[in-house]
Amino acid sequence: VLRDSATGATNLVSGSVKYSFPTAERAAQFTWISPVQTVSTSQLAGFTDGGQAPRAIKTDQYQVFLLDSGRRFRIPTCELAADYGWSCASLPMVAQGQANAYPDAGYLTPTARALGANWLIQGGARREIVDTSLLAQYGMSTAVSPVADSLVSEYPLGDPVLGAGIYGDATGKTIAIL
């Protein structure tokens, strides 16, 4: 983790790529990856710009994790990572030992608990789930991962999951599919 001596901007560096932290909260998720080192702007300019640092990382052992609130959640598949908006191929790589510095929070599930509700994260959107038992009807796990409100807040709001064949549209109207 490198801080620009001129601007104070903090970046995650993985190989020859630098990823900027869009918020102090996001930067805080990476505090255990490595100590922050202050470098010159010209030194940072030598790295390729990778855009904003995602909340997820991959390790040199090819495991993928979400870093959240000082914990690491294992992301079991690249399909789940894609639902959360991340591509396994383009995630920053860190050493497995760096990831292991975070306490293990278990596996990340498609359903996250935050903002006082349960949310199904699908296709980069969050859908409120009024009853997680509905997920079993679709062959999905009813397990829920407790995550930070700030994580779930990053996703646009999608249609809620109200019941089998029932959903609410963007106008608040309930629609039943028979």
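Worth saying up front: this structure is predicted, and the values here are computed from it rather than measured. (Residues numbered from 1 in each chain as written. Predicted model: local features only at pLDDT ≥ 70, side-chain atom pairs only at ≥ 80, totals over all residues. Heavy atoms only, no water.)

A. Examining the side chain of Thr111 more closely. Along the polypeptide, Thr111 turns up in strand β11 (residues 111–114). The class of Thr111 is buried, set by a relative accessible area of 0%. (Helix = DSSP H or I, 4+ residues; strand = E, 2+ residues; numbered from the N terminus. Buried < 20%, exposed > 50% of the residue type's maximum accessible area, 1.4 Å probe, protein only.)

B. Layout of the nonpolar core. Counting residues in hydrophobic clusters, the biggest one holds 21 residues, and the most contacted among them are Leu66, Ile75, Tyr84, Trp86, Leu108 and Val147. Residue assignment for this core shows that the elements contributing at least two residues are β7 (64–68), α3 (78–83), β11, β12 (117–122) and α5 (149–153). In terms of residue count, the dominant contributor to this core is β12 (three residues). Dropping the residues within four chain positions of it, Leu66 is found in contact with Arg55, Ala56, Arg71, Arg72, Phe73, Ile75, Trp86, Leu108, Val147 and Leu151. Grouped together as the second largest cluster of nonpolar side chains are 14 residues, Val1, Tyr19, Phe21 and Tyr102 included. (Core = buried A, V, L, I, M, F, W, Y, C linked by side-chain atoms within 4.5 Å. Contact = heavy atoms within 4.5 Å.)

C. View of the state of the cysteines. All chains considered together, the criterion is met by one disulfide. What pairs with Cys78 in a disulfide is Cys88, and their sulfur atoms sit 2.3 Å apart. Its S-S torsion of approximately -115° makes the covalent link between Cys78 and Cys88 left-handed. One end of the pair, Cys78, is in helix α3; the other, Cys88, is in the loop between α3 and β9 (93–94), with 10 residues separating them in the sequence. (Disulfide = S-S within 2.5 Å.)

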